[in-house]
Amino acid sequence: MIITNIGKLVGVDCERRSTPLRGKEMSRTGAFENAWLRIVDGKFADWGSMESLSTSDLEAVNDEVYDARGGYVLPSFCDSHTHIVYAGSREGEFEDKIRGLSYEEIAKRGGGILNSADRLQQTPEDELYRQSMNRVNEVMAMGTGCIEIKSGYGLTIDSELKMLRVIARIAESVPMKVRSTFLGAHAVGRKYSGRQSEYVDMLIREMLPAVAAEGLAEFVDVFCDQGFFTADETARILEEASKYGMRPKIHANELAVSGGVQVGVKYNALSVDHLERIEEEEIQLLKGSDTVATVLPGASFFLGMPYGPARRLVDAGAAVALASDYNPGSSPSGNMRMVMSLGCIKLKLTPEEALNAVTINGAAAMDCAKDYGSISKGKVANFIVTKQLPSLAFLPYSYTTPFIDSVWLKGEKIG
């Protein structure tokens, strides 16, 4: 397959980078104008200027040709933080928020995560898979080619395993790259209400071994925040999970400065996510670590909360990713183009920084940047062909204008 007449090929990485971009590096996007791109066996193989590609060359190699008609070609979005496997929806809580109730107040009334857990526990696995696949197909059509999906709406052994099995089925069903995270420590299950330490003990003693025995999770996550799990409880869970080879990805500092960044960095977390409440100490810690600072502006937008300090993090030299946080309660959207726009409008990232944050750095936050996140020889050919654009900045600027001409995963056109 060869894509011709590309107005601009963006996100080109000649080094096949497998680590995130940091600080000033995030302002660079390798780009070629008036280009062609060749895919061989589902991977990027070569590219160049259209002037270097003659009709006789095309006839000689007998490639299937797709004309981009002057559109851009971009790496597919890499969404490193989602809760896309859930049952039903929570628009009733949406109305509660409109009436002025806070996230914490809704949770105290039995809503929030526990509401989703009740529904999921009652939903058969096949139905959960069906509902989740609708959302998966939706985000693929919007250009996402690599995604992390968490459990965490089960909160019992059987229901957490059900969620993780659905994630495994999704991974087998779609050409998109899927990474799986065990988030049993999303909240305390109703059966353990008022007995949080006992729930943590049960998670360590029973949940983790059961998940590991079925090989269902690559990562482990903990909601380390005010009103949820403490830094000490988080450390206990991470230490035990490390025995099963599960690397951490931490919810941290959404509601308060919780110590989640510190425990995440200490245990070599791939990422610490949210970061709406953060101080200079945490910024300097992330600057000096390999942990990706993942900001979730969709949740801030939906909940009316402060936005994470992505600009300060980039200026300090940290590696920053943006993700959707697609979930039924605080960010019911997986539109990564909108996330990129919020990155520019609310977080004050440049279009180039925002694009890197939703591609190569998102891939790094899932430990798959070796094969995804940029246009590089040997990487999997997941990419978007756009309609004609006046510039890269048009994507976040005109944030509702349709921009996709076609989406390609593993070198095959899916839409």
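Provided above is the structure to which this section pertains.
Some details on the side chain of Asn 382
Its place among the elements puts Asn 382 in the loop between helix 15 (360-364) and strand 14 (383-386). Taking relative accessible area as the criterion, Asn 382 reaches 6% and is therefore assigned buried. A polar atom in the side chain of Asn 382 sits 3.0 Å from the backbone oxygen of Gly 145. Contact partners of Asn 382, with chain neighbours within four places excluded, come to Phe 44, Pro 75, Ser 76, Gly 145, Tyr 372, Trp 408, Leu 409 and Lys 410.

Digging into the pairing of strand 9 (residues 219-224)
With six of six residues buried, strand 9 lies mostly within the body of the structure. The alternating pattern of strand 9 places Phe 219, Asp 221 and Phe 223 and Val 220, Val 222 and Cys 224 on opposite faces, both of which are buried. Sheet topology note: the strand 8 (residues 177-185)/strand 9 ladder contains three bridges and is parallel. Residue pairing in the sheet places Phe 182 in a bridge with Val 220 of strand 9. Handedness of the crossover joining strand 8 and strand 9 through helix 7 (residues 196-213): right-handed.

Concerning the nonpolar core
With 108 residues, the main nonpolar core has Val 85, Ile 170, Phe 182, Tyr 199, Leu 275, Leu 286 and Leu 313 as its most contacted residues. Considering every element that reaches this core, the biggest residue donor is helix 7, with eight residues. Every residue in contact with Leu 313, bar those within four places of it in the chain, is listed here: Leu 275, Ile 283, Leu 286, Ala 293, Val 295, Ala 318 and Val 320. Tyr 66, Val 73, Ala 381 and Phe 383 belong to the second largest nonpolar core, which has 18 residues in total.

Regarding the packing of aromatic side chains
Scanning the entire structure with this criterion turns up nine aromatic pairs. Consider the rings of Tyr 66 and Trp 408, whose centres lie 5.0 Å apart with planes at 75 degrees: the pair is edge-to-face. Pair noted here: Tyr 66 is in strand 4 (residues 65-67) and Trp 408 is in strand 15 (residues 404-409), with a separation of 342 residues, a long-range link. We classify Tyr 66 as buried; its relative accessible area is 16%. Relative to Phe 302, the ring of Phe 94 has its centre 5.5 Å away and its plane inclined at 20 degrees; by these criteria the two rings are stacked. With Phe 94 in helix 2 (residues 91-98) and Phe 302 in helix 11 (residues 297-303), this residue pair connects regions lying 208 residues apart in the sequence. Residue Phe 302 is classed as partly exposed on the basis of its relative accessible area, which comes to 24%. Of the aromatic side chains, those joined through ring pairs into one cluster are Phe 44, Tyr 66, Phe 383 and Trp 408. A cation over an aromatic ring shows up here: Arg 169 above the ring of Tyr 129, its NZ or CZ 4.2 Å from the ring centre.

Re the pattern of salt bridges
Applying the stated rule across the entire model yields 23 salt bridges. A salt bridge links Arg 130 to Glu 127, with the shortest nitrogen-to-oxygen separation between them at 2.7 Å. With Arg 130 and Glu 127 both in helix 5 (residues 125-141) and three residues apart, this pair spans about one turn of that helix. Residue classification places Glu 127 among the partly exposed positions, given a relative accessible area of 28%. Across the pair Glu 280 and Arg 312 runs a salt bridge whose closest N-O atoms are separated by 3.3 Å. Of the two residues, Glu 280 is situated in helix 10 (residues 280-287) and Arg 312 in helix 12 (residues 310-316); the sequence distance between them amounts to 32 residues.

Describing the packing of helix 7 against helix 8 (residues 231-242)
Between helix 7 and helix 8, the least distance of the axes is 10 Å, while the angle of their chain directions is 5 degrees. For the element pair helix 7 / helix 8, the angle class is roughly parallel. Taken together, the residues of helix 8 that come into contact with helix 7 (itself represented by Gln 196, Val 200, Asp 201, Leu 203, Ile 204 and Leu 208) are Glu 233, Arg 236, Ile 237, Glu 240 and Ala 241.

Some remarks on the packing of helix 5 against helix 6 (residues 157-173)
Look at helix 5 against helix 6: their axes get within 10 Å of each other, and the N-to-C directions meet at 50 degrees. Viewed along their axes, helix 5 and helix 6 adopt a mutual orientation that is oblique. For the crossing formed where helix 5 meets helix 6, the hand is right-handed. Two secondary-structure elements touch here, helix 5 through Glu 125, Asp 126, Leu 128, Tyr 129, Ser 132, Met 133 and Val 136 and helix 6 through Lys 162, Met 163, Arg 165, Val 166, Arg 169, Ile 170 and Ser 173. Residue composition of the contact of helix 5 with helix 6, by class: seven nonpolar, two polar and five charged.

Looking at the layout of surface pockets
Here the largest pocket defines a volume of roughly 490 Å³. Around the largest pocket, the lining is made up of 25 residues, and of these Ala 107, Leu 114, Ala 187, Gly 227 and Phe 228 lie nearest the centre. Looking at the lining of the largest pocket, the elements with two or more residues in it are helix 2, helix 3 (103-108) and helix 4 (113-122). The greatest single-element share of the lining of the largest pocket, amounting to five residues, is contributed by helix 3. Its residues assigned to classes, the lining of the largest pocket shows 10 nonpolar, eight polar and seven charged. Here the second largest pocket is characterised by a volume of approximately 320 Å³. Taken together, 18 residues line the second largest pocket, and the ones lying closest to its centre are Val 12, Asp 13, Leu 21, Arg 28 and Gly 30. When contributions to the lining of the second largest pocket are tallied by element, the ones reaching two or more residues are strand 1 (2-12) and helix 14 (351-357). Counted by class, the lining of the second largest pocket contains six nonpolar, seven polar and five charged residues.

A closer look at the sheet that holds strand 6 (residues 77-79)
Strand order in the open sheet made by the eight strands is 6-7-8-9-10-11-12-13, with parallel pairing throughout. Because the sheet does not close on itself, it has two edges, and the strands there are strand 6 and strand 13 (320-322). On average, adjacent strands in this sheet sit at an angle of 25 degrees to one another, irrespective of strand direction. Two elements, strand 7 (residues 144-150) and strand 8, share five bridges in a ladder whose sense is parallel.

Parameters and conventions
Residues numbered from 1 in each chain as written. Predicted model: local features only at pLDDT ≥ 70, side-chain atom pairs only at ≥ 80, totals over all residues. Heavy atoms only, no water. Helix = DSSP H or I, 4+ residues; strand = E, 2+ residues; numbered from the N terminus. Buried < 20%, exposed > 50% of the residue type's maximum accessible area, 1.4 Å probe, protein only. Polar contact = N/O pair within 3.5 Å; in protein donor to acceptor, adjacent residues only side chain to side chain. Contact = heavy atoms within 4.5 Å. Pairing = 2+ DSSP bridges. Right-handed = clockwise from strand over helix to strand, strands pointing away. Core = buried A, V, L, I, M, F, W, Y, C linked by side-chain atoms within 4.5 Å. Phe/Tyr/Trp six-rings, centres within 6.5 Å; stacked < 30°, edge-to-face > 60°. Lys NZ or Arg CZ within 6 Å of the ring centre and 35° of its normal. Salt bridge = Lys/Arg side-chain N within 4 Å of Asp/Glu carboxyl O. Axes fitted to C-alpha atoms, helices over the stretch in contact; angles between N-to-C directions. Parallel < 35°, antiparallel > 145°, perpendicular 65-115°, else oblique. Left-handed = near helix turned anticlockwise from the far one by under 90°. Nonpolar A, V, L, I, M, F, W, Y, C, P; charged D, E, K, R; others polar. 1 Å grid on protein atoms, 1.4 Å probe; cavity = no way out; pocket = protein on both sides within 12 Å on 5 of 7 lines; lining within 4 Å. Points joined across faces, edges and corners; volume = space filled by probe spheres on them.

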